[in-house]
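# Per-entry structural report
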Amino acid sequence: MIRTRKSYSDMEPLNGADPWVVRTDFSNDDIWMRICNLISAPQIEGEMQFFAYVDYVNDDSHREQQPVDLVRSLPDTYPDMVCFAVDRDCIENPEHPILVIGFYPSDNESFERLPHETPAADIATFRAVPSQIQGIQNNLSLANMDFEDFADSVDKDGVFRGFSN
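As a starting point, this report considers the structure included with it. (Residues numbered from 1 in each chain as written. Predicted model: local features only at pLDDT ≥ 70, side-chain atom pairs only at ≥ 80, totals over all residues. Heavy atoms only, no water.)

The next point concerns the overall build of the protein. A tally of regular secondary structure across the protein gives five helices and nine strands. Along the chain direction, N to C, the helices and strands of the protein fall in the order β-β-α-β-β-β-α-β-α-β-β-α-α-β. Within the span of the protein, comprising 165 residues, buried residues form 44% of the whole. Sequence-distant contacts in the protein: of pairs separated by 6 or more residues, those separated by 24 or more amount to 68%. Surface exposure of the protein reaches about 8900 Å², of which carbon and sulfur atoms provide 47%. (Helix = DSSP H or I, 4+ residues; strand = E, 2+ residues; numbered from the N terminus. Buried < 20%, exposed > 50% of the residue type's maximum accessible area, 1.4 Å probe, protein only. Contact = heavy atoms within 4.5 Å. Areas by Shrake-Rupley, 256 points an atom, 1.4 Å probe, with all protein chains shown as cover.)

Turning our eyes to something else, we now look at the nonpolar core. By size, the foremost hydrophobic cluster in this structure holds 25 residues, and its most contacted members are I39, V100, I133 and I136. Counting only elements with at least two residues in this core, the list comes to helix 1 (29-40), strand 6 (82-86), helix 3 (88-92), strand 7 (98-102), strand 8 (124-128), helix 4 (133-141) and helix 5 (147-151). A per-element tally of this core places helix 1 first, with five residues. With residues near it in sequence (within four places) discarded, V100 still touches V82, C83, F84, A124, T125, F126, A128, I133, I136 and F147. Formed by 14 residues, the second largest nonpolar core is a distinct cluster that contains V71, L74, Y78 and I123. (Core = buried A, V, L, I, M, F, W, Y, C linked by side-chain atoms within 4.5 Å.)

Next up on the list: the pairing of strand 6. Most of strand 6 sits out of view: five of its five residues are buried. Where burial is concerned, the two faces of strand 6 agree: the one with V82, F84 and V86 and the one with C83 and A85 are both buried. Two strands pair when backbone bridges link them, and strand 2 (residues 20-23) and strand 6 are joined in this way by three bridges, in the parallel orientation. When the bridges of strand 6 are listed, V22 appears paired with A85. Here strand 6 runs beside strand 7; their pairing, made up of four bridges, is antiparallel. Bridge assignment links F84 to a residue of strand 7, and that residue is V100. (Pairing = 2+ DSSP bridges.)

What follows deals with a negative patch on the surface. Together, D146, E148, D149 and D152 make up a negatively charged patch on the protein surface. Within the secondary structure, D152 is located in the loop between helix 5 and strand 9 (159-160). (Patch = residues over 30% accessible without salt bridge, like charges linked within 9 Å, V, L, I, M, F, W, Y side chains within 5 Å. Salt bridge = Lys/Arg side-chain N within 4 Å of Asp/Glu carboxyl O. Lys, Arg positive; Asp, Glu negative; His and termini not counted. Charge placed at Lys NZ, Arg CZ, Asp CG, Glu CD.)

See the structure below:
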């Protein structure tokens, strides 16, 4: 079962440290749930299972928000410098490429800034298929990889589908 938050006051985050998958397109509830299920599905590597640790935010206040507005609308207590958006392109494309939004400080010093203080120039995006959200989230949270490692590895159409062997 996917636990989604209807509004910020609706429920506490699962552990307060997980990045959010934010719904910005409300045209199709079934596809929204399908995308949540695809993200939540375990990713198998050998005999190991890996999961994306994210919170799903289904809050109409984010309707049609663009990346800058979405980042700046995040609460001061937001736990990360990355979030994921399920926007119109994600809903309408059969691969459902999710918008990955990073807002790391370009000066490598302003890590204490609040989301609403993020300069537009520090907001970067790329798209990723749902099966790759787990690897992105896990590796960014452990600092095994940087946002740029994924952004620089997108296919010609701007979608990250995994690293080439």
